[in-house]
Amino acid sequence: MTNKNGIIALTIVIALISVYNLSFTFVSRNFKSKAIAYATDAKGEVDLTKKQHYIDSLWREEVYLGHTLQEVTERELNLGLDLQGGMHVVLEVAPADILKGMAGGNARSAAFQNALKKASEDKSANNSTFINRFVSAYKEAAPNTSLASVFATSANRGKINSNSSDSDVIKMLNTEIDGSIDRAFQITQARIDKFGVTNPNIQRLPGQNRVLVELPGVDNPERVRRLLSGAAKLEFAEVYLTQELGAGLEGLGRYLTQQAEIEKAAKKTAAPGGAAPATASTDTTKKSTEGGLAAQLEKKADSTATDSAALAAQSAALTSLFVPMPQGLGVYLKDTARASEILRRPEVRSLFPSDLVFMWDRKGTEAGGNQLILPLYFIKKTNGEAAMEGDVIVNANHDYDDRGRPEVTMQMNGEGARKWRSLTARSIGRPVAIIIDGLVYTAPTVQGEIPNGNSSITGSFTVEETKDMANVLKAGKLPAPTHIVEEAVVGSSLGAEAINDGLWSSAVGLLIVLVFMVAYYNQAGWIADIALLINLFFLLGVMASLGAVLTLSGIAGIVLSIGMAVDANVLIYESIKTELASGKAFAQSIRDGFKHSLTAIIDSNVTTLLTGIILYTFGTGLVLGFATTLVLGLLTSLFSAIFITRLLLEQKLKNGKTFAFSTALTKNWFQDNHFDFVSQRRRFYIISGIIIAIGVGSFIFKGFGLGIDFKGGRSYVVRFENNVDADALRTNMDEVLGSTTEVKTFGGQDQVKVTTPYLIDDTTPEADQKAEAKILEATKKIANNPAKIVSSNKVGPTMAKDTLWSAVYAVLLALAANFVYILIRFKRVAFSYGAVMSLAHDVVIILAIFSLFNGWLPWSLDIDQAFIGAILTMIGYSMNDTVVIYDRIRDYLADEKSRGQNLSTVINNALNSTLSRTAVTGISVILVLIVLMIFGGAVIRGFTFCMLLGVIVGTYSSLFVAAPIVVDLLQRSKKNEPAPAVAADATAAATKKAKA
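Residues numbered from 1 in each chain as written. Predicted model: local features only at pLDDT ≥ 70, side-chain atom pairs only at ≥ 80, totals over all residues. Heavy atoms only, no water.

Engineer: I'm lost on the nonpolar core in this one. Help?
Structural biologist: The nonpolar side chains of soluble globular proteins are, as a tendency, buried together. Counting 66 residues, the largest nonpolar core has Ile846, Phe850, Ile875 and Tyr886 as its most contacted members. Mapped by element, the contributors of at least two residues to this core are helix H23 (586–618), helix H24 (621–654), helix H29 (797–826), helix H30 (829–852), helix H31 (865–894), helix H32 (903–913), helix H33 (915–935) and helix H34 (941–976). In terms of residue count, H34 provides more of this core than any other element does, 15 residues in total. If near-sequence neighbours (up to four positions away) are discounted, Tyr886 is found in contact with Ile822, Phe826, Phe831, Gly834, Ala835, Ala962, Ala963 and Val966. Counting residues in each nonpolar core, the second largest holds 46 residues, with Leu536, Met543, Ile562 and Ile590 among its members. (Core = buried A, V, L, I, M, F, W, Y, C linked by side-chain atoms within 4.5 Å. Buried < 20%, exposed > 50% of the residue type's maximum accessible area, 1.4 Å probe, protein only. Helix = DSSP H or I, 4+ residues; strand = E, 2+ residues; numbered from the N terminus. Contact = heavy atoms within 4.5 Å.)

Engineer: How should the packing of helix H6 (residues 110–121) against helix H7 (residues 130–141) be read in this particular structure?
Structural biologist: Helix-helix packing is described using two parameters, namely the angle between the two axes and the distance between the axes. Look at H6 against H7: their axes get within 8 Å of each other, and the N-to-C directions meet at 140°. If you check the angle between H6 and H7, you find them oblique. The crossing of H6 and H7 is right-handed. In this structure, H6 uses Ala111, Phe112, Ala115, Leu116, Lys118, Ala119 and Ser120 to contact H7, whose residues at the interface are Phe130, Arg133, Phe134, Ala137, Tyr138, Glu140 and Ala141. Residue classes in the contact of H6 with H7 are distributed as ten nonpolar, one polar and three charged. (Axes fitted to C-alpha atoms, helices over the stretch in contact; angles between N-to-C directions. Parallel < 35°, antiparallel > 145°, perpendicular 65-115°, else oblique. Left-handed = near helix turned anticlockwise from the far one by under 90°. Nonpolar A, V, L, I, M, F, W, Y, C, P; charged D, E, K, R; others polar.)

Engineer: So what exactly am I meant to see when it comes to the packing of helix H5 (residues 95–103) against H7 here?
Structural biologist: One can describe the packing of H5 onto H7 by two numbers: an axis separation of 11 Å at closest approach and a directional angle of 55°. Relative to H7, the element H5 is oriented oblique. The two elements H5 and H7 meet at a crossing, and its hand is right-handed. Seen from H5, the contacting residues are Pro95, Ala96 and Leu99; seen from H7, they are Phe130, Ile131 and Phe134. Here the residues of the contact of H5 with H7 sort into six nonpolar, no polar and no charged.

Engineer: Teacher, can you tell me more about the pairing of strand S10 (residues 356–360) here?
Structural biologist: Of all five residues in S10, four are buried; the element is thus mostly enclosed. Relative to strand S12 (residues 372–380), S10 runs antiparallel, the two being bridged by five bridges. Note that in S12 the partner of Met359 across the bridge is Tyr377. (Pairing = 2+ DSSP bridges.)

Engineer: Mind showing me how you'd approach the sheet that holds strand S14 (residues 393–400) here?
Structural biologist: Backbone-to-backbone hydrogen bonds pair the strands of a sheet. The strands run either parallel or antiparallel. Spatially, three strands are ordered S14-S15-S18 in an open sheet, and the strand pairing comes out antiparallel. Only two strands of the sheet have a single neighbouring strand rather than two, namely S14 and strand S18 (455–457). The mean inter-strand angle of the sheet, taken between neighbouring strand axes irrespective of direction, is 25°. For strand S15 (residues 406–412) and S18, the ladder comprises three bridges, and the chain directions are antiparallel.

Engineer: Just to check I follow, could you spell out the packing of aromatic side chains for this structure?
Structural biologist: Describing an aromatic ring pair means giving the distance of the ring centres and the angle of the ring planes. Using the criterion set out here, one finds 28 aromatic pairs in the structure. Measuring from centroid to centroid gives 6.2 Å for Phe684 and Tyr956, while their planes differ by 75°, and the two rings are edge-to-face. Taken as a pair, Phe684 in helix H25 (residues 681–701) and Tyr956 in helix H34 lie far apart in primary sequence, 272 residues in all. Overall, the relative accessible area of 18% leaves Phe684 in the buried class. When its relative accessible area of 22% is taken as the criterion, Tyr956 is described as partly exposed. Ring pairing ties together the aromatic residues Phe675, Phe677, Phe684, Tyr956 and Phe960, which thus form one cluster. Across from the ring centre of Phe31, 5.1 Å away, lies the NZ or CZ of Lys34, which sits over that ring. Directly above the aromatic system of Phe594 lies the positively charged group of Arg646, at a separation of 5.1 Å from the ring centroid. (Phe/Tyr/Trp six-rings, centres within 6.5 Å; stacked < 30°, edge-to-face > 60°. Lys NZ or Arg CZ within 6 Å of the ring centre and 35° of its normal.)

As far as function goes, none of this settles anything; it's purely spatial.
Written out as structure tokens, the structure reads:
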């Protein structure tokens with residue numbers, strides 16, 4: 001092997017990178033285990049507050065190779081929501097709401113309302129933007145009205161006027177829509193910070209007015225819904241200076257000192273070797289607060305003030321928790337939970353003015369030693385109201401001042417200008433806080449009274465910061481709330497079960513593949529097994545390096561990619577066996593076996609890779625997790641099969657050893673096969689045609705069970721303590737919900753999946769709570785069988801329609817991509833037609849089975865995103881199989897030995913020569929998928945079933961549909977072409993192969 005040393009060096013580098021990146025996962029898991037141990041009481045119950053306190057205390061501390069615990073956690077191999085529980089949300093910024101705000105009073109006209117409704121409902125022109133659909137509908141309703149007459153309002157002054165052309169107005173509207181989505185994204189990021197979630201995933205979905213949010217470990221869905229839904233609240237408020245709060249801060253210091261003494265006394269009275277009795281601390285604290293702590297502190301104020309030792313103690317107590325900062329105080333990030341709890345106590349609140357509100361800065365300030373300090377502001381709110389709110393903002397922009405420094409300029413309407421003038425007049429030399437959703441974004445110092453509402457905010461800002469600030473200021477300008485259009489909640493208990501299912505399926509599937517390879521290939525099988533294990537290690541290392549998320553479907557992808565990785569080893573080994581059978585020396589057979597199998601390996605894997613990339617591009621959730629591991633698994637398996645396997649084989653040869661590539665049992669398997677595939681092709685055409693005809697009849701008369709991905713709705717996985725009658729529960733659900741409800745057994749007789757359209761058009765958090773309450777109300781009608789919701793999912797109608805179109809595009813794109821690739825590689829349209837017709841055949845048959853057997857099998861046969869993912873994977877596998885066969889057909893057509901033989905004989909011989917590879921790979925993958933069906937869990941059982949059918953149908957179609965179609969098309973083209981041209985083509989190909 002050329003460049004052997006380079007391959008060895010590359011392998012070592014990849015291995016070291018994998019070890020390094022995977023080590024962060026083990027370190028992070030170790031600290032999480034310590035946190036759980038620290039927070040677990042004698043009864044075995046975990047105090048989540050104590051657990052979080054343990055993690056917070058080390059969050060910014062260096063714990064591993066110079067990395068803080070935060071950095072270690074961010075670099076671990078993350079688990080998806082289905083493996084650890086949590087919440088997945090897709091937020092949509094409704095363009096209709098934005099247009100209403102921009103049109104002002106003009107939005108009340110009948111033409112405007114009708115155009116808005118039509119633009120929202122019309123999804124036929126999927127490539128058209130909402131603005132284009134609205135403009136088209138409005139022009140139909142009011143053909144003689146210019147857009148400027150609708151949108152040239154005071155809110156849009158400076159951007160357009162009454163004389164602006166329609167194209168200028170459309171440009172302005174598109175700019176505002178994009179800006180609103182950017183603002184929604186930034187506001188969502190700030191809101192997520194409030195949860196303290198480890199490794200949240202927040203993305204703006206490309207080409208859409210939607211934001212994806214994934215929150216691992218979140219166990220309070222209602223709070224998430226409340227916080228993420230609705231318009232942002234922008235406020236301007238005065239800020240108390242620290243020197244104005246001297247008495248309150250001194251009182252806080254005394255309070256903290258007293259609390260420290262109480263804790264110290266409690267420790268002294270604690271039983272030896274154990275924790276302090278719970279009543280001791282509680283009683284002492286109660287006595288300290290009786291009669292009002294503020295009154296007690298005031299009585300002692302005079303004597304304490306003259307006691308320098310007491311002052312020093314108070315100062316030390318205050319600074320032990322709070323850090324002096326220019327705007328007031330700050331708190332180390334690890335102590336913010338404790339500080340917030342103390343500041344909420346009534347005895348502490350009574351020390352400060354009644355109109356004072358404590359607020360945190362939206363981002364921390366770096367301190368020494370990897371520490372982060374979060375600034376604390378003392379905000380003034382009269383009767384809970386800030387001096388101004390953001391609805392007075394007309395516009396805000398990023399700009400530069402006269403010294404070239406980034407700044408933000410903003411303009412207000414008339415009411416805002418009056419309020420701003422009053423606020424700035426009484427705040428000269430003082431800061432004014434700009435607040436959104438209860439977090440302080442900035443607090444610039446007022447330099448002088450601003451009379452006209454036009455202001456600039458300057459400071460030590462970067463360009464990015466001023467752009468973000470301008471977006472924040474615009475957030476209060478338009479009524480553009482975010483709506484939840486898709487939601488999935490996975491309970492932590494279901495996540496733990498998913499981990500268990502995933503580990504079992506992975507372990508058993510991998511073991512079966514390893515045993516099968518040894519059973520079939522003898523000693524060479526051990527080498528293939530080592531390469532497969534190295535492939536698995538590299539795959540996990542690459543995923544950790546890229547920050548990929550491991551999901552339950554991802555585990556399925558790993559196991560399946562291992563099964564498909566067998567294919568490369570099988571192609572190599574079968575080629576080596578062919579070379580050995582021709583009488584070549586052992587070492588030469590290995591070299592030639594690798595060389596002659598390389599083309600088939602590359603072609604077959606590229607087609608699967610194309611499908612994986614399409615899955616990754618169009619998929620979300622389960623499909624995306626599967627695609628990620630499938631694509632990465634294909635790349636690592638190629639490297640392992642082509643290079644690692646060869647290194648191991650050549651190491652054996654270096655020691656002068658030969659070894660067997662078969663066992664006594666498998667030695668003569670698939671030898672001297674003479675199956676006549678081609679002459680029976682019309683019979684198989686008829687069989688396929690009958691199945692397809694039955695399927696089409698089922699499509700028409702029975703239809704499909706559409707998942708909520710494609711029809712919209714709510715679904716809940718409900719678990720009962722005992723087995724439950726799904727029919728009885730369905731009757732109860734229909735009575736309570738007042739709509740047709742689908743109830744199916746899901747993963748066991750004690751668990752069901754409930755799907756309903758109930759309140760699906762209502763986007764408020766209250767609707768979600770009401771729907772869950774109704775579901776539980778219906779379950780209570782089942783006597784003596786308590787139930788709980790372990791996961792839920794919601795997809796809005798517009799999201800469902802978009803998802804459906806995306807799925808259709810994905811399937812069509814997969815077919816087109818494979819058609820083009822086959823045409824490029826095989827140079828004949830017959831091969832491309834054969835491949836695509838075979839794939840279309842597979843898709844229709846799978847659809848037929850899902851339609852016919854829907855409701856008969858004890859797992860979901862819904863057509864949803866998971867099904868589309870399985871279909872695309874099946875397309876990839878079927879193409880993999882078909883390309884290997886086509887590669888052998890191409891070789892046989894170009895071989896001199898085939899001269900004089902008719903086309904049917906040549907292709908029959910080619911098909912028989914690939915039977916061993918087709919059987920070994922097919923059996924390996926089928927075994928893996930059966931394991932996934934048994935152990936993989938209810939969540940992916942329908943997904944796995946579809947792939948299992950796909951492998952069986954795909955193998956069938958490669959032999960009995962794809963190849964026979966090539967025969968028919970080549971025979972037809974042969975009749976229309978001069979014979980010498982065909983002979984010359986075959987001769988040229990044979991010469992090229994001989995030279996190679």
